[in-house]
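Examination of the molecular architecture
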Amino acid sequence: MTGQPGRTGRGGGQAGAGDLLALVRTGRATTRGALQQATGLSRATVGQRLDRLFRAGWLREGAGGPVDSPLGGRPSITLEFDDAHAVVLTADLDTRHARAAVLSLTGEILAEHAGPLAVEDGPDTVLGELGGWFAELLEKAGRGADEACGIGLAVPGPVDSETGLVVQPPIMPGWDRYDIRARLSSAFTQHTGAAPVPVLVDNDANLMAYGEQRTGYPDCSAFVLVKVSTGIGAGVVVGGEIFRGVDGGAGDIGHIRVGSEALCRCGSHGCLAAVASGGAVARRLAETGVPAASGSDVRDLLAAGHPGAAALAREAGRQVGDVLATVVTLLNPGVLMIAGDLAGTSFLTGVRELLYQRALPRSTARLDVVTSRLGDRAGLVGAGAMVVEHLYAPTRVEERLLALGV
């Protein structure tokens, strides 16, 4: 039997090993017969391409599936992506602290660490410190440094996704256009002795949105996450992909003008972040004699039931909700998720008050306004997913298999 042209191949060619791996990973085809049907390839060609994936250690055989033929016979053997053959390293930077982890290829956190790390100390210092954290976490997870296939980093600033450079970040002094990829890769090698690995960088709200949408709302075609911590930013996932805009600036709602004269850290007056972020609430609390210097301090006060913090958080929620009425009208999302230090009852109440008052009923009729499911781990999970999707994309799979000699 002659194979037909592969129907899932890229660029008009036959489906390659990377295309077959994508079908298995997504569950669209998990037996040899199903792969033949999905691609139009012959049994022999499917077998040859699967053999390359088995030799690389990326596929394994699972339990027997249902019998393919109505005449009966032996059950078909299912194919599974082997998530044990490598791990991903991820880190999520905030302004004054950071979190890092070792993840499986399917997003399970195998080891994790959080601690103080100030972005104002500069990229060389911060990224060097992360290299040390990664070495300790790999040991904690019982995995070798040579098992790490890539690093994903979430940062609190706008990122050009093509270059991985942070561009004019309002709250990251000294990071503008710094080569984060090269420094973090060298720090990893310095602390582990392992060969350099690919490093991917994106905005923290983007990666939080990606992690939350993939794990909790995979069927939501338009998903918006708003992170309200020291600053304010939004991540948008449309059709399962992060929407970044032309150069990574999409979602920077913290610098929308809201009619105030408050000075923002970006140098402008009247930005939303200047009046409604965790940092803004902390400053207002400090003016009344309450010790608060950041969004995390406000979070602690809210958790302790501080009435002044709750009142200011609700007011901040109303200001953010006013802006989100426009966002919801423009994007018509199915889920609007509030995350970050202020993502509690008081702030969420304020958001809902103004959002439903200002947005058209048509825009909110099917909208769920929720808080984060993954909490502080959302950025880590999203960063891990970003790395895996990059490394196991069909074209990248072909390149990596050739490099492995299989």
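For the structure, check the block above.
All residue numbers refer to positions counted from 1 along the written sequence of the respective chain. Only residues with pLDDT of 70 or above have their local features reported here, since the model is predicted, and side-chain atom pairs are shown and tallied only from 80 upward, although totals for entire chains, interfaces and linings are computed over all residues. Just so you know, side-chain values use all the structure's heavy atoms and leave hydrogens and water out.

**Thoughts on the side chain of serine 104**
In this text, helices come from DSSP runs of H or I with a minimum length of four residues, and strands from runs of E with a minimum of two, each type numbered from the N-terminal end. Within the secondary structure layout, serine 104 lies in strand β4 (residues 97-104). If we ignore the near neighbours within four places in the chain, the residues touching serine 104 are Asp83 and Leu110. The contact criterion used is simple: two residues touch if any of their non-hydrogen atoms lie within 4.5 Å.

**Brief notes about the pairing of strand β9 (residues 199-203)**
Buried, partly exposed and exposed residues are distinguished by accessible area as a fraction of the type maximum, computed with a 1.4 Å probe on protein chains only: under 20%, between the cut-offs, and over 50%, respectively. When you tally the buried positions in β9, you get five out of five residues, the bulk of the element. In this description, strands pair whenever DSSP reports at least two bridges between them. Bridge count for strand β6 (residues 148-155) against β9 is five bridges, and the pairing is parallel. Opposite isoleucine 151, over in β9, you have valine 199 as the bridge partner.

**Quick look at the state of the cysteines**
Only a pair of cysteine sulfur atoms within 2.5 Å qualifies as a disulfide here. This structure, assessed with the given rule, holds zero disulfides. Looking at cysteine 266, it has no disulfide partner, and the nearest cysteine sulfur is the one in cysteine 264, 3.8 Å off.

**Things to note about the packing of aromatic side chains**
Any aromatic ring pair is given by two values, namely how distant the centres are and how the planes are angled relative to each other. Paired rings are identified among Phe, Tyr and Trp, the last through its six-membered ring, by centres lying within 6.5 Å, and are further divided according to the angle between planes into stacked (under 30 degrees), edge-to-face (over 60) and tilted (the rest). On inspection of all chains with the given rule, the structure shows three aromatic pairs. Ring plane angle 75 degrees and centroid distance 5.4 Å describe the contact between tryptophan 58 and tyrosine 392, whose orientation is recorded as edge-to-face. Placement of tryptophan 58 in the loop between α3 (43-56) and β1 (59-64) and of tyrosine 392 in the loop between α13 (378-391) and α14 (394-404) is noted, with a sequence separation of 334 residues between them. The class for tyrosine 392 is buried, based on a relative accessible area of 1%. Judged by centre distance (5.2 Å) and plane angle (75 degrees), the ring pair of phenylalanine 81 and tyrosine 392 falls under edge-to-face. Remark: tyrosine 392 occurs in the loop between α13 and α14 and phenylalanine 81 occurs in strand β2 (residues 77-81); sequence separation between them is 311 residues. Connected via pairs of aromatic rings, a cluster forms that spans Trp58, Phe81 and Tyr392. Either the NZ atom of lysine or the CZ atom of arginine qualifies as a charge over a ring when it sits within 6 Å of the ring centre and within 35 degrees of the ring normal. The ring of phenylalanine 81 carries the charged tip of arginine 25 above its face, separated from the ring centre by 5.4 Å.

**Some words on the packing of helix α10 (residues 307-331) against helix α11 (residues 345-358)**
Fitting a line to C-alpha atoms yields each axis, with helices limited to the stretch in contact; the angle taken between N-to-C directions then spans 0 to 180 degrees. Contact geometry of α10 with α11 gives a least axis separation of 6 Å together with a crossing angle of 35 degrees. For the crossing formed where α10 meets α11, the hand is right-handed. On α11, the residues that touch Ala310, Ala313, Arg314, Ala316, Gly317, Arg318, Val320, Gly321, Asp322, Leu324, Ala325 and Val328 of α10 are Ser346, Phe347, Thr349, Gly350, Val351, Glu353, Leu354, Leu355 and Arg358. Of the residues assigned to the contact of α10 with α11, the class counts are 11 nonpolar, five polar and five charged. The sense of a crossing depends on the near helix, which, turned anticlockwise from the far helix by less than a right angle, makes the crossing left-handed and, turned clockwise, makes it right-handed. Nonpolar residues are Ala, Val, Leu, Ile, Met, Phe, Trp, Tyr, Cys and Pro. Charged residues are Asp, Glu, Lys and Arg, and all others, Gly as well, are polar.

**Brief notes about α13**
Between the first and last C-alpha of α13 there are 20 Å, a value that for 14 residues agrees with the 20 Å anticipated at 1.5 Å per step. Judged by how many residues are buried, α13 sits mostly within the fold: 12 of 14 residues are covered. Among all positions of α13, only Ala378, Gly379, Leu380, Val381, Gly382, Ala383, Gly384, Ala385, Met386, Val387, Val388 and Leu391 are buried. For a helix, the expected span equals 1.5 Å multiplied by the number of residues minus one.

**With respect to unusual backbone geometry**
Positive phi values are uncommon outside glycine, yet arginine 177 reaches one of about 60 degrees. Checked against the element boundaries, arginine 177 lands in the loop between β8 (165-166) and α5 (180-192). One non-glycine residue, asparagine 332, adopts positive backbone phi at about 50 degrees. Residue class for asparagine 332 comes out partly exposed when judged on its relative accessible area of 41%.

**Remarks on helix α1 (residues 17-25)**
Since there are 3.6 residues in each turn of an α-helix, residues three or four apart along the chain are aligned in direction. The buried count for α1 comes to eight of nine residues, which makes it a mostly enclosed element. Turning to α1, its buried residues are Ala17, Gly18, Asp19, Leu20, Leu21, Ala22, Leu23 and Val24. Just downstream of α1, glycine 27 is the residue with a positive phi angle, here 80 degrees.

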